[in-house]
Amino acid sequence: MSTRNFRRAADLFLDSISTFTTYELFPYDTFIFYTVLTSIISLDRVSLKQKVVDAPEILTVIGKVPYLSGFLNSLYDCQYKSFFLAFAGLTEQIKLDRYLHPHFRYYMREVRIVVYSQFLESYKSVTIQAMSKAFGVTVDFIDLELSRFIAGGKLHCKIDKVAGVLETNRPDAKNALYQATIKQGDFLLNRIQKLSRVIDL
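- As annotated in an unreviewed UniProt entry, the protein chain is PCI domain-containing protein from Punica granatum.

1. Notes on the sheet that holds strand β3 (residues 165-168)
Phase 1 of the analysis: One open sheet holds the three strands; their spatial order is β1-β3-β2, and the pairing between them is antiparallel. In this open sheet, the two edge strands, each paired with only one partner strand, are β1 (125-127) and β2 (157-160). Going across the sheet, the axis of each strand differs from the next one's by a mean of 20°, ignoring polarity.
Phase 2 of the analysis: Judged from the four bridges that link them, β2 and β3 form a sheet pairing that is antiparallel.

2. Details of the pairing of β3
Phase 1 of the analysis: Both β1 and β3 contribute to a ladder of three bridges, which runs antiparallel. Residue pairing for β3: T127 is matched across the bridge by V165.

3. Section: unusual backbone geometry
Phase 1 of the analysis: For Y67, which is not a glycine, the phi torsion comes out positive at approximately 70°.
Phase 2 of the analysis: Relative to the helices and strands, Y67 resides in the loop between α4 (56-61) and α5 (68-76).
Phase 3 of the analysis: Residue classification places Y67 among the partly exposed residues on the basis of a relative accessible area of 48%.
Phase 4 of the analysis: Phi at C78 is positive, roughly 60°, even though this residue is not glycine.
Phase 5 of the analysis: Within the secondary structure, C78 is located in the loop between α5 and α6 (80-96).
Phase 6 of the analysis: The class for C78 is partly exposed, based on a relative accessible area of 34%.

4. Examining the layout of surface pockets
Phase 1 of the analysis: The calculated volume of the largest pocket comes to roughly 330 Å³.
Phase 2 of the analysis: Forming the walls of the largest pocket are 15 residues, and the residues nearest its centre are L43, D44, R45, V114 and E121.
Phase 3 of the analysis: Here the element with the most residues in the lining of the largest pocket is helix α7 (residues 104-121); it accounts for five residues.
Phase 4 of the analysis: Among the residues making up the lining of the largest pocket, the classes are represented as eight nonpolar, three polar and four charged.

5. Some details on the packing of aromatic side chains
Phase 1 of the analysis: Within the structure shown, the criterion is met by 24 aromatic pairs.
Phase 2 of the analysis: Between F33 and Y34 the ring centres are 5.8 Å apart and the planes differ by 45°, which places this aromatic pair in the tilted class.
Phase 3 of the analysis: By relative accessible area, Y34 is classed as buried at 2%.
Phase 4 of the analysis: Arranged with centres 6.0 Å apart and planes meeting at 50°, the rings of Y116 and F149 form a pair that is tilted. Here Y116, found in helix α7, pairs with F149, found in helix α9 (residues 139-151); they are 33 residues apart in sequence, far enough to count as distant.

6. Observations regarding the pattern of salt bridges
Here the idea is simple: oppositely charged side chains can pair when their charged atoms come close.
Phase 1 of the analysis: Tallying each qualifying case throughout the model produces four salt bridges.
Phase 2 of the analysis: Across the salt bridge formed by K49 and D54, the nearest N and O atoms sit 3.3 Å from each other.
Phase 3 of the analysis: Looking at K49, the relative accessible area reads 28%, which means it is partly exposed.
Phase 4 of the analysis: Linked through salt bridges whose partners overlap, the residues forming this network are R112, E145 and R148.

Definitions and limits used
- Residues numbered from 1 in each chain as written.
- Predicted model: local features only at pLDDT ≥ 70, side-chain atom pairs only at ≥ 80, totals over all residues.
- Heavy atoms only, no water.
- Pairing = 2+ DSSP bridges.
- Helix = DSSP H or I, 4+ residues; strand = E, 2+ residues; numbered from the N terminus.
- Axes fitted to C-alpha atoms, helices over the stretch in contact; angles between N-to-C directions.
- Buried < 20%, exposed > 50% of the residue type's maximum accessible area, 1.4 Å probe, protein only.
- 1 Å grid on protein atoms, 1.4 Å probe; cavity = no way out; pocket = protein on both sides within 12 Å on 5 of 7 lines; lining within 4 Å.
- Points joined across faces, edges and corners; volume = space filled by probe spheres on them.
- Nonpolar A, V, L, I, M, F, W, Y, C, P; charged D, E, K, R; others polar.
- Phe/Tyr/Trp six-rings, centres within 6.5 Å; stacked < 30°, edge-to-face > 60°.
- Salt bridge = Lys/Arg side-chain N within 4 Å of Asp/Glu carboxyl O.

Put into structure tokens, the structure is as follows:
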């Protein structure tokens, strides 16, 4: 986690969740805090439900950490306004944590990408007004946020500013495979042509 490998950290936290006994490092509720935070940006929705949302070890402790239950459950339940409120409540705790503090800005960005992606997954197109209402923020805020992430290639959609609409253009796995096959085919043909020239000589 301290080296920003949150996916590996989430796997390790989840593997040791039922056997954690190193209380000299930090209390169990802090361990659950780390587990939830790393899992949210590392796991897909189905895995998050199975390993975190419904995990009895997490359920017994999550209420002890302020805002953590709301943060996790509102994301899974698609209650985006509640999620942003819980997220705002957690920011100070994340900022003051010795392991997470160096990655504060990165983590905040990654969480927002996860939540925006989850929202946009349900739509082919949606108005910016509807999205801002769902998140409880202004249209200008959503517009600025999304434009940054779209420009950085983090979100697969485009903004129609005139119509005030977001149009998703999710990468098609079949299309990507087709493009990769064409590329490999071209490469192979070039190699064969070079080889035939050598043989002719």
